[in-house]
Amino acid sequence: MQSNEQIQPIHPAGEEEINLRDQLESYLIHWKWFVLGVVLCVAAAFLYLRYATPQYSVSATIMIKDDKSGGMSSEMSAFEDMGLLFGNATNSVDNEIEVLKSRTLMENVIRQRNLNISYFTKGRIKTSEVYGNSPVKINFSVADSVLYKMDTTFTVHIKSDTRFALLDSEGENKGEYAFGENVASAMGNITVIPHFEEKDVAGRSVVMVIRPLDKVTLNYQDRLQVSLVNKNTSVIQLSLNDPVKEKAEDILDGLIRQYNEDVVADKNLVSKNTADFIDERLKVIERQLGDVEEDAESFKQSNKLTDITSEAEIALGSASDYEKRAVEAETKLQLTNYLIDYLNRNNDNSSLIPANIGPDDGNTGPLIMEYNGLVQERNRLLKSSTENHPTIINLDGQITELRQTIRETLGNLKSSQTISLNELKRQEKLLSSKISAVPEQERVFRGIQRQQQIKETLYLYLLQKKEETAISLAVTAPNAKIIDAAYGPEDPVSPKKKIVLLGSFVLGLLIPFGVIYLKDLLDTKVQGRKDIEGKLTVPFLGDIPKSQSNEEIISMDSRSSAAEAFRILRTNLDFMLANVEGDKAKKIFVTSTVAGEGKTFVSINLAGTLALSGKKVLIVGMDIRNPKLTEYVEFPHSRGLTNYLTNGETDVEGMIFKFDKEGFDHLDILTSGAIPPNPAELLMSGKVGNLFADLEDKYDYIVVDTAPVSLVTDTLLISKYADVFVYVCRAGYLDKRLLAIPENLYKEKRLPNMAMLVNDSDSKKGYGYGYGYGYGQETKPWWKRIMKKYKG
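The rules behind the values
- Residues numbered from 1 in each chain as written.
- Predicted model: local features only at pLDDT ≥ 70, side-chain atom pairs only at ≥ 80, totals over all residues.
- Heavy atoms only, no water.
- Helix = DSSP H or I, 4+ residues; strand = E, 2+ residues; numbered from the N terminus.
- Contact = heavy atoms within 4.5 Å.
- Areas by Shrake-Rupley, 256 points an atom, 1.4 Å probe, with all protein chains shown as cover.
- Axes fitted to C-alpha atoms, helices over the stretch in contact; angles between N-to-C directions.
- Left-handed = near helix turned anticlockwise from the far one by under 90°.
- Nonpolar A, V, L, I, M, F, W, Y, C, P; charged D, E, K, R; others polar.
- Pairing = 2+ DSSP bridges.
- Phe/Tyr/Trp six-rings, centres within 6.5 Å; stacked < 30°, edge-to-face > 60°.
- Buried < 20%, exposed > 50% of the residue type's maximum accessible area, 1.4 Å probe, protein only.
- Lys NZ or Arg CZ within 6 Å of the ring centre and 35° of its normal.

**Student:** How should the overall build of the protein chain be read in this particular structure?
**Tutor:** When helices and strands are counted, the protein chain shows 21 helices and 21 strands. Within the protein chain, residue pairs in contact and separated by at least 24 positions form 77% of the contacts whose partners lie at least 6 positions apart. Here the protein chain displays about 41200 Å² of accessible surface, and carbon together with sulfur accounts for 51% of that area.

Here it is, written out as structure tokens:
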């Protein structure tokens, strides 16, 4: 604005760079709000981090042993010769994941550790859970089944080392008691046991929260994450987030331990059933063997027999082989009968078949192993599902079909064994005919001895199997191998300090940015020269900033930014009036779009500034509809322009008076006078031209305060008398859409030598450029000084 170029229309060249700078300045001018926003948000973040309940992530890793790939067989290889590797069905990792996530497993862990009961200590601001080191413990006399359904809260307020006060969930004091005393309450009798070692505990409060077991179970079950580490492995990772890291570690370790115990129990079920069956048969065989031995003893005593004759030995030698085979055949037949009888007595899908005492025909043993594996898998899946589950139904069908196959196989085996035994007995009878000379007593005794050998062989066989089953019970390995026990890092997973602080910092910037952006977005008012320059073709004359003082009329010694702006305006007007020929007064008309934009303020101060330069100036109030000069100047009389135009008076000088203020000796004022009923007709009269003709020889400048152009036609009627039009646009007041009015007036040349002046702009918001030099100077903001330094 210091040269003639500043009053020329600004063309779009370089507009993008200027707009970017303006956008940046429009935000940087509010840097205090950004700093305040960041400080408040970061402070709030610190408070949040200080008092928020942290969440710790605890994880554990286990490997599910796959029997098919050698997980169990490798550990049992030392007992292969005993036939212990039976009934090991291949584990499905997906099934094991579902078992680990089951409600039953989680409920058992919560029951074991009483996790439905939580202890909290009250702080000054927040209440924190204590796990494992509560100052007090409470014992309940009610049954666990009742305790697991409770949902209540109460507080133990420690009065001293020996006494405490009990408060209910509403905070009502129920009484003061001694530690260890049996206290009657709505929950039954309770006993509070102290567990503090420090001396200064008086005044502390411990809040005890009891929640229903099913709700606690569902809560932890929902938060438990069980997933495969890799699809190509059987390694499973368990993870749990909880405010108390130690509690989460105990829960995961407890889950793994309980899972292994259940698996071991399932695997031992076959061996346990086999052991029970062997014990039952041993009792029967032992009784039968005793009876046979008593029969042999009685027979020898009654017949006084001591030894077998040598002739009988020779005769019977050839029959010994058949006898041995007959004994073996009858033993196998009895074992087959035992298994058939067991199948008939245990006909449900949950019963296991004794595995390692069956016949060695090569078919029955594998069928029994497969049958027991299916039953074991069915029983384990029933813990986390119902009998109507498709998998259970499918297994029931397989078990029923396989049991029928085993029954048919045993029936066929029994038939073949019976045929074989009958054939052996027939051969034995043939040999018996050859030893007819042997005494009848010897023949009878051999029958007794044969029975004795059968029972003794069966007894020894069952004893051996009993030991093998006991060994299998002792060496059963768990299904899950712990790779990494439950562990959680010391740093919580939430809230994350760095992310919260960074987010608060960004939020502190975004909030004022958003407010400013919305304010600017919803702002439809002209705010300064940036809304004029480059957007309108009307020349930009300058801007008048907000006055930092309360003065309405600028004095001679004023050094305010507004005073400097008017001095610059005076200089710019001289450039615009340089082409006006002659020595007559230069007529400066001041108008605006609507009322209230400060055209009267600009008129009187522009006239005063011109007068302070030693020029003779007259200000004329030609806004005869709504005169405003009376608000700035006290008039000695009420006569004015309208009196001159209506009463036929020709002496206008009698209506002009001097501006009574120090330093303004060269400033005269012609007021508008009384408000007429026909202002437009008065301004169309020829006396207006005569008025300017009479006055332009007596003054250097005539400043005319006219009416707003968008409301009335008065200004357009007298525009032909103007040498220059100062079109006032008030910042923060005029709607941007109304800028089309001065633009059209300029393009249509209806206001001669027209230029825009922004009034009431805020230089602190980047809409002005500051005024003054040396003294009374308005210092530019720091970011402008930096930008100027790097730009230039």
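**Student:** When you look at the packing of helix α2 (residues 31–51) against helix α13 (residues 497–522) in this model, what are you seeing that I'm missing?
**Tutor:** Angle between the axes and distance between the axes are the two parameters that describe a pair of packed helices. It is at 8 Å that the axes of α2 and α13 come closest, and there the two elements cross at 145°. Handedness of the crossing formed by α2 with α13: right-handed. Residues Trp33, Phe34, Gly37, Val38, Cys41, Val42, Ala45, Phe46, Tyr48 and Leu49 of α2 form the contact with α13, whose own contacting residues are Lys497, Val500, Leu501, Ser504, Phe505, Leu507, Gly508, Leu509, Ile511, Pro512, Phe513 and Ile516. Of the residues belonging to the contact of α2 with α13, the class tally is 18 nonpolar, three polar and one charged.

**Student:** I keep staring at the sheet that holds strand β1 (residues 56–64) and nothing clicks. Help me out?
**Tutor:** In a beta sheet, neighbouring strands are held together by backbone hydrogen bonds and run either parallel or antiparallel to one another. If you walk across this open sheet you meet the four strands as β11-β12-β1-β13, and the pairing is antiparallel. Unpaired on one side and paired on the other, β11 (225–228) and β13 (480–487) mark the two borders of the sheet. For this sheet, the mean inter-axis angle between neighbouring strands, taken without regard to orientation, is 20°. Running at roughly 125° to strand β12 (residues 235–242), helix α6 (residues 213–223) makes contact with β11 and β12 of the sheet.

**Student:** How should I be thinking about the pairing of strand β6 (residues 163–167) in this particular structure?
**Tutor:** On a regular strand, one side chain projects to one face of the sheet and the next to the other, so that they alternate. Relative to β6, strand β5 (residues 152–158) runs antiparallel, the two sharing four bridges. Directly across from isoleucine 158, in β6, lies its bridge partner phenylalanine 164. Where β5 folds back onto β6 in an antiparallel hairpin, the turn is made up of four residues. Sheet topology places β6 next to strand β7 (residues 173–178); five bridges connect them, and they run antiparallel. Each residue of the ladder has a partner; that of arginine 163, found in β7, is alanine 178. Once β6 ends, the chain turns through five residues before running back antiparallel as β7, passing glycine 171 with a positive phi of about 85°.

**Student:** Even after reading the chapter, I still don't get the packing of aromatic side chains, so can you show me in this structure?
**Tutor:** Each aromatic ring pair is specified by the distance between its two centres and by the angle formed by the two planes. Scanning the model with the defined rule gives ten aromatic pairs in all. With 5.1 Å between their ring centres and 35° between their planes, phenylalanine 164 and phenylalanine 179 make a pair best called tilted. On the criterion of sequence distance, the pair formed by phenylalanine 164 in strand β6 and phenylalanine 179 in the loop between β7 and β8 (182–185) is long-range, its members being 15 residues apart. Neither residue differs from the other here; phenylalanine 164 and phenylalanine 179 are each classed as buried. A ring pair is formed by phenylalanine 513 and tyrosine 517, whose centres lie 6.3 Å apart and whose planes are at 10°; its orientation type is stacked. Placement of the pair is phenylalanine 513 and tyrosine 517 together in helix α13, with a separation of four residues, close to one helical turn. Judged by relative accessible area, which is 36%, phenylalanine 513 ranks as partly exposed. Using a relative accessible area of 41% as the deciding quantity, one classes tyrosine 517 as partly exposed. Every member of this aromatic cluster is reached through a ring pair, and the members are Phe589, Phe692, Tyr721 and Phe725. Stacked on the ring of tyrosine 338, the Lys or Arg arginine 281 has its end atom at 3.8 Å from the ring centre. Here lysine 616 stacks its cationic end above the ring of tyrosine 699, 5.2 Å away from the centre of that ring.

**Student:** Looking at this model, I keep getting lost on the sheet that holds strand β17 (residues 657–658). Mind explaining?
**Tutor:** Within the open sheet, the eight strands sit side by side as β14-β21-β20-β15-β19-β16-β18-β17. Their pairing is mixed. The open sheet has two edge strands with one neighbour each: β14 (540–545) and β17. Sheet topology note: the strand β15 (residues 586–592)/strand β19 (residues 701–705) ladder contains five bridges and is parallel. Of the residues in β19, the one forming a bridge with isoleucine 588 is valine 703. Its contacts with the sheet place helix α18 (residues 687–695) against β15, β16 (617–621), β18 (667–670) and β19, and it is angled at close to 150° to β19. Where helix α20 (residues 740–747) meets the sheet, it contacts β20 (724–730) and β21 (754–761), and its direction lies at approximately 160° from that of β21.

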